[in-house]
Amino acid sequence: MKITIGAFILQQLRTLSIDRIYGVPGDYNLALLELIEQGGELEFIGNCNELNASYAADGYARLKGAGALITTYGVGDLAALSGIAGAYAESAPVICLSGTPPLHAMKNHELLHHTLADGNFDNVMNCFKQFTVAQALITPENAAVEIPRVISRAWTEKKPVYLQLPSDICDVEIEISQAATSPQLPQSDPYNVQLAAMALLARIKQAQKPIILIDQMVDRFQLQQLVVDVAHKFAIPLTNMPTAKCIIPETTAGWMGGYSGDLSRPELYDHMAHADCVLTFGVRLVDSTTGYFSHHIPAGTQIDIQPFSLKLGNTSYPAVAAADLLQALLTLDKGITAQPLAPLPEQKHRLATPGEAALDQAYFWQRMQRFIQADDVVVVENGTSGAAIGGMRMPEGVKVVNQPIWGSIGYTLPALLGTLMAAPHRRHLLFIGDGSFQLTAQEVSTLLRYEQKPIIFLINNDGYTIERYILWENSSYNDIGPWDYAKLPAVLNTQATPFCVAVETTQQLELALEQASRQDRLAFIEVKVPMMDTPPVMREFCNRCNNFNFGLTNPRRA
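The notes below deal with the structure included here. Because the structure is predicted, anything quoted here is derived from the model rather than measured. (Residues numbered from 1 in each chain as written. Predicted model: local features only at pLDDT ≥ 70, side-chain atom pairs only at ≥ 80, totals over all residues. Heavy atoms only, no water.)

Moving on: the overall build of the chain. Secondary structure assignment for the chain yields 21 helices and 21 strands. The C-alpha atoms of the chain give 25 Å as radius of gyration, which agrees with the globular expectation for 558 residues (24 Å, within 12%). The C-alpha extent of the chain, read off along each of the three principal axes, is 65 × 65 × 50 Å. When burial is assessed residue by residue, the chain has 56% of its 558 residues classed as buried. For the chain, restricting intrachain contacts to residue pairs at least 6 apart in sequence, the fraction spanning at least 24 positions comes to 77%. (Helix = DSSP H or I, 4+ residues; strand = E, 2+ residues; numbered from the N terminus. Rg over C-alpha atoms; globule rule 2.2 N^0.38 Å. Buried < 20%, exposed > 50% of the residue type's maximum accessible area, 1.4 Å probe, protein only. Contact = heavy atoms within 4.5 Å.)

Shown next, in the form of structure tokens:
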């Protein structure tokens with residue numbers, strides 16, 4: 001069958017259930033944008049800049065399974081690159097489509113705008129090779145093979161990919177062998193699966209104090225239920241890295257809380273330190289997720305389960321998909337009936353009666369513990385918000401979107417646009433600091449333009465509080481310009497009528513929450529708290545960051 005190259009790209013995206021593409025128009029990508037405009041199957045969402053578009057595509061991918069953005073060559077590509085790198089670090093499958101100069105101009109090395117004017121058309125591709133798992137410059141000769149190859153790699157490996165589409169070939173027809181089909185995960189080797197499952201079963205039966213430690217992989221490959229089934233069948237308690245917050249429901253029997261080295265609950269840290277069998281699912285032990293390498297996992301106890309392999313002791317089992325491994329493990333010994341695991345006891349916190357008392361972080365986050373509801377999508381910026389949410393126990397079905405590894409401040413506001421469009425029937429809450437907000441604030445205008453209705457909490461603590469705690473509290477480089485944040489949304493879209501309010505007391509917060517919950521429009525609540533007020537765990541984390549970065553003898557604050 002015959003199809004144009006542009007239509008084939010969009011058809012392949014639809015096999016991943018992508019129905020929105022984020023980006024910024026530029027002369028080299030207009031043919032593809034016009035095809036989207038005329039087609040109606042996908043919607044183009046215009047962002048304020050390409051970096052924000054990459055963040056939005058990342059947020060969309062977290063809930064939808066894959067995301068996409070469109071850039072224009074050179075200036076647009078490199079503007080989006082930090083977001084693509086973040087998607088790689090955080091395992092978000094994002095397809096970056098770049099409209100490039102016409103193919104004849106690239107072949108002839110012509111001197112063009114949006115390039116370095118040196119005839120070099122390899123440099124941008126070389127940049128993206130460092131931060132994506134597959135790339136291709138599309139030509140009429142390779143389009144039928146390269147487009148599905150590259151796009152399927154994003155879905156299979158849960159990482160970003162990069163496709164360059166020359167402006168003059170979007171409407172060129174090519175021959176394809178069959179209609180687009182959804183990509184499939186690699187097949188396991190049945191013999192290896194059985195060997196791996198039997199070895200894993202024997203290891204679990206020997207264990208006296210096992211534990212399961214999960215990371216993002218369990219979410220990206222939809223392994224949640226299988227992991228819980230294994231935990232309950234063999235009575236193995238569970239915990240998660242900060243990158244996997246709420247991937248296992250925190251109401252699950254046997255869940256022991258989140259693990260971040262010795263910043264974890266003492267009972268959990270002790271259990272991990274004395275475990276004799278640790279089933280790890282895609283775990284990466286990163287400084288920011290382990291309390292600066294304060295984790296203690298006994299040597300020789302870790303069983304490394306990756307998406308398509310298992311390593312147990314000195315033996316590796318390739319071609320073993322994690323889903324197939326867990327299913328085989330569950331069926332190997334049906335006679336096992338372990339004692340039921342107990343749920344983690346809930347801690348009750350008595351909240352002070354609202355009044356004229358000034359707001360602080362402690363009161364605000366205790367109140368948020370009650371405000372967050374089952375099935376909410378909670379988008380959390382790094383900093384005081386991330387530290388506070390990390391220590392809170394979430395209701396059933398809550399989805400947490402964060403970026404603790406790449407840690408790009410400002411990520412969450414554009415990512416919120418993506419999560420809202422990926423799951424429009426859920427309530428979405430954003431917690432972002434004033435410093436982070438100033439990096440990507442203009443994307444509020446896009447939220448309003450597309451009539452999105454999140455509740456945004458802007459934590460205004462007058463600058464970069466994390467950096468103040470890491471080194472030299474009073475240094476001017478941690479200051480930012482004072483904005484009237486609560487008035488900004490109305491300025492960014494003159495046709496919208498968002499609900500906006502600034503609160504400084506506990507009573508004002510209560511009134512704002514009550515009003516925001518009744519709105520059928522975007523709600524923006526500026527929460528004013530003292531500059532150096534922060535959750536205790538954040539202060540300790542910053543101390544460790546200081547020691548790691550600058551040495552134990554370096555004084556931290558003036």
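Further notes follow.
What follows concerns the sheet that holds strand 16 (residues 377-380). Pairing between the strands of a sheet is mediated by backbone hydrogen bonds and can be parallel or antiparallel. Taken in spatial order, the six strands make up an open sheet running 17-16-18-19-21-20, and their pairing is parallel. Looking at which strands have only one partner, the edges of the open sheet turn out to be strand 17 (399-401) and strand 20 (499-503). Pairwise comparison of adjacent strand axes, ignoring direction, gives a mean angle of 15° for this sheet. Bridge analysis of strand 20 against strand 21 (residues 523-528) gives five bridges, and the strand direction is parallel. Residue pairing across strands places Ala 502 opposite Glu 526, the latter belonging to strand 21. Contacts from helix 15 (residues 412-422) reach strand 16, strand 17, strand 18 (428-433) and strand 19 (455-460), with the element oriented near 175° to strand 18. (Pairing = 2+ DSSP bridges. Axes fitted to C-alpha atoms, helices over the stretch in contact; angles between N-to-C directions.)

Here the structure, examined in full by the defined rule, presents one cavity of 30 Å³ or more. For the largest cavity, the full set of lining residues is Tyr 28, Asn 29, Ala 31, Leu 32, Gly 99, Leu 165, Pro 166, Ser 167 and Cys 170. Elements represented by at least two residues in the lining of the largest cavity include exactly helix 2 (30-39) and strand 7 (161-166). (1 Å grid on protein atoms, 1.4 Å probe; cavity = no way out; pocket = protein on both sides within 12 Å on 5 of 7 lines; lining within 4 Å. Points joined across faces, edges and corners; volume = space filled by probe spheres on them.)

With that out of the way, let us pick up the nonpolar core. Grouped together as the largest cluster of nonpolar side chains are 85 residues, with contacts concentrated most on Leu 13, Ile 95 and Phe 437. With seven residues, the top contributor of residues to this core is helix 15. If near-sequence neighbours (up to four positions away) are discounted, Phe 437 is found in contact with Leu 413, Ile 432, Val 444, Leu 458, Trp 483, Tyr 485, Leu 488 and Phe 524. Counting 39 residues, the second-largest nonpolar core is a separate cluster that includes Val 193, Val 227, Leu 279 and Phe 281. (Core = buried A, V, L, I, M, F, W, Y, C linked by side-chain atoms within 4.5 Å.)

Taken together, the side chains of Tyr 191, Leu 195, Met 198 and Leu 332 define a hydrophobic patch exposed on the protein surface, amounting to about 370 Å² of accessible area. The element contributing the most residues to the nonpolar patch is helix 8 (residues 190-206), with three residues. Inspection of the secondary structure puts Tyr 191 in helix 8. (Patch = residues over 30% accessible without salt bridge, like charges linked within 9 Å, V, L, I, M, F, W, Y side chains within 5 Å. Areas by Shrake-Rupley, 256 points an atom, 1.4 Å probe, with all protein chains shown as cover. Salt bridge = Lys/Arg side-chain N within 4 Å of Asp/Glu carboxyl O.)

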